[in-house]
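Report on the structure
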Amino acid sequence: PELDIEGAANAAAFGTTRVGETSTATLEVENTGNADLNLTDLSTAGGADTAGFSIVEEPEATISPQSSAEIVVEFGPEAIPNSARRAQNTPLEAAATLEIEHNAGSTETVALSGTARTAALSTPGTFQFGETPVGETTTRQLTVENTPSATASLNITGLGLSGSDAGEYGAILS
């Protein structure tokens with residue numbers, strides 16, 4: 001048996017994954033030899049970030065000659081210790097190794113990497129109302145965006161104004 005691995009389980013394959021969400025990457029394991037390839041053990045290793053990577057689909061133990069099978073790896077950054085804190089305001093770059101033990105020789109390793117982010121607010125640094133005559137009001141709309149673009153929701157549970165003249169302003173969350 002001879003083992004050949006196609007595909008990647010890296011940040012490009014997983015995309016940006018929000019803390020609390022998961023994404024998957026697929027690796028193809030091909031037996032290019034002329035005898036059965038037996039995968040005896042699949043595992044992830046490599047330190048604290050290893051918890052964020054798991055094998056969710058693996059081939060049956062034997063891959064026939066000139067055949068292939070898939071390994072699906074899931075990246076779930078929430079399982080990484082302190083992931084929400086580590087991903088706050090800067091991407092969390094996680095890394096681990098997929099180890100494949102088999103009967104074709106030494107253990108094969110595949111580098112795993114993923115990028116995680118927490119939900120983030122994107123708002124303008126200043127918000128100008130322009131000149132407003134005494135006794136009149138001016139209304140402006142402020143749009144809050146949930147970035148980066150992914151599937152997790154951002155729930156805004158409150159709104160507050162602060163500063164020396166905060167009492168001169170009002171805000172409505174809609």
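Before reading further, recall that the structure is shown in the block above.
Read on for an overview of the structure. (Residues numbered from 1 in each chain as written. Predicted model: local features only at pLDDT ≥ 70, side-chain atom pairs only at ≥ 80, totals over all residues. Heavy atoms only, no water.)

With respect to the sheet that holds strand β8 (residues 92-102)
One open sheet accounts for five strands, arranged β2-β9-β8-β4-β6; its pairing is mixed. A strand with exactly one partner marks an edge of an open sheet, and here the two such strands are β2 (16-18) and β6 (62-63). Bridge count for strand β4 (residues 37-45) against β8 is six bridges, and the pairing is antiparallel. From the neighbouring strand, Ser43 faces β8, where its bridge partner is Glu99. (Pairing = 2+ DSSP bridges. Helix = DSSP H or I, 4+ residues; strand = E, 2+ residues; numbered from the N terminus.)

Some points on unusual backbone geometry
Although it is not a glycine, Gln66 sits at a positive phi angle of roughly 60°. For Gln66, the location among the structural elements is in the loop between β6 and β7 (67-75). The phi torsion at Asn82 lies on the positive side, around 60°, for a residue other than glycine. We classify Asn82 as partly exposed; its relative accessible area is 48%. (Buried < 20%, exposed > 50% of the residue type's maximum accessible area, 1.4 Å probe, protein only.)

So, the environment of Ala87
With respect to the helices and strands, Ala87 occurs in the loop between α2 (83-86) and β8. Taking the C-alpha atoms as reference points, Ala87 and Ala116, separated by 29 residues in sequence, lie 6.2 Å from one another. In this structure, Ala87 is in contact with Val19, Leu92, Ala116, Arg117 and Thr118, ignoring residues within four places of it in sequence. (Contact = heavy atoms within 4.5 Å.)

Notes on the pattern of salt bridges
Per the stated rule, a full pass over the model turns up one salt bridge. A salt bridge links Asp49 to Arg86; the nearest nitrogen and oxygen atoms lie 2.9 Å apart. Taken as a pair, Asp49 in the loop between β4 and β5 (53-57) and Arg86 in helix α2 lie far apart in primary sequence, 37 residues in all. On the accessibility criterion, Arg86 (29% relative accessible area) is partly exposed. (Salt bridge = Lys/Arg side-chain N within 4 Å of Asp/Glu carboxyl O.)

Focus: the environment of Pro1
You can see Pro1 is positioned in the segment before β1 (3-6). Accessibility expressed as a relative area gives 29% for Pro1, which makes it partly exposed. For the pair Pro1 and Asn34, spaced 33 residues apart in the sequence, the C-alpha separation amounts to 5.7 Å. In this structure, Pro1 is in contact with Asn31, Gly33, Ala35, Asp36, Leu37, Asn103 and Ala104, ignoring residues within four places of it in sequence.

Things to note about the packing of aromatic side chains
As enumerated under the stated definition, the model contains four aromatic pairs in all. Between Phe14 and Phe53, the ring centres sit 6.0 Å apart and the planes meet at 55°, which makes this aromatic pair tilted. Of this pair, Phe14 sits in helix α1 (residues 11-14) while Phe53 is found in strand β5, placing the two residues 39 residues apart along the sequence. Across the pair, exposure class does not vary: Phe14 and Phe53 are buried alike. Every member of this aromatic cluster is reached through a ring pair, and the members are Phe14, Phe53 and Phe75. (Phe/Tyr/Trp six-rings, centres within 6.5 Å; stacked < 30°, edge-to-face > 60°.)

Structural notes on a negative patch on the surface
On the surface, a cluster of negative charge is made up of Glu6, Glu28, Glu57 and Glu70. Inspection of the secondary structure assignment puts Glu6 in strand β1. Judged by its relative accessible area of 38%, Glu6 falls in the partly exposed class. (Patch = residues over 30% accessible without salt bridge, like charges linked within 9 Å, V, L, I, M, F, W, Y side chains within 5 Å. Areas by Shrake-Rupley, 256 points an atom, 1.4 Å probe, with all protein chains shown as cover. Lys, Arg positive; Asp, Glu negative; His and termini not counted. Charge placed at Lys NZ, Arg CZ, Asp CG, Glu CD.)

Observations regarding the nonpolar core
Membership of the largest hydrophobic core comes to 25 residues, with the highest contact counts inside it found for Phe53, Ile71, Val73 and Leu98. Of all elements in the fold, only β3 (23-31), β4, β7, β8 and β9 (108-117) reach the threshold of two or more residues within this core. If one sorts the elements of this core by residue count, β8 sits on top with five residues. Once residues within four sequence positions are removed from consideration, Leu98 is found in contact with Leu27, Ser43, Ile55, Ile71, Val73, Glu108, Thr109, Val110 and Leu112. (Core = buried A, V, L, I, M, F, W, Y, C linked by side-chain atoms within 4.5 Å.)

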